[in-house]
Amino acid sequence: MGIKFLDENPNVKSLDEDYNVILDSIFGFSFSGEVRAPFDVVIENLKKTKTPIASVDIPSGWDVEKGNSNEGFEPDLLVSLTAPKLCAKNFKGKHYVGGRFVPRDLEEKYQLNLPQYEGAEQCVQI
């Protein structure tokens, strides 16, 4: 597939010239606090790049409830897993939900307002 594994963090110039899209899945939804080294440099570069960023579940560095409270980057695309997290409430880019495997009783118990999936689709834009 031609997917490169990197030994070091590319600088912003390299991100802008050498990549078509950046897939962000550095931290998960349990992240809290300040972004520490060496990830602080990564987040700063993501804030400065012009290359589109797609984040998985929650943008890295965001608080799961408060959103972009650490003045991190704003991805162009967000794919929430299972259900949108509270932080996605003010997200401005394209937003998809992936995973249609939530049992009906859990959906009702937690009052999840999940989108309807067409056919065998596994993702839906919201």
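Here the structure is a predicted model, which means the values were calculated and not measured.

Enquirer: Quick one: what's the story with the pattern of salt bridges, residue by residue and with numbers?
Expert: Applying the stated criterion to the full structure yields four salt bridges. A salt bridge links Lys 47 to Glu 44; the shortest N-O distance between them is 3.2 Å. Here the residue Lys 47 and the residue Glu 44 both occupy positions in helix α2 (residues 39–48), the gap between them amounting to three residues, near one helical turn. Judged by relative accessible area, which is 33%, Glu 44 ranks as partly exposed. Where Asp 57 meets Lys 85, a salt bridge forms, and the shortest distance between an N and an O atom there is 2.6 Å. Here Asp 57, found in the loop between β2 (53–56) and β3 (77–81), pairs with Lys 85, found in the loop between β3 and β4 (94–98); they are 28 residues apart in sequence, far enough to count as distant. Neither residue differs from the other here; Asp 57 and Lys 85 are each classed as buried.

The rules behind each value
- Residues numbered from 1 in each chain as written.
- Predicted model: local features only at pLDDT ≥ 70, side-chain atom pairs only at ≥ 80, totals over all residues.
- Heavy atoms only, no water.
- Salt bridge = Lys/Arg side-chain N within 4 Å of Asp/Glu carboxyl O.
- Helix = DSSP H or I, 4+ residues; strand = E, 2+ residues; numbered from the N terminus.
- Buried < 20%, exposed > 50% of the residue type's maximum accessible area, 1.4 Å probe, protein only.

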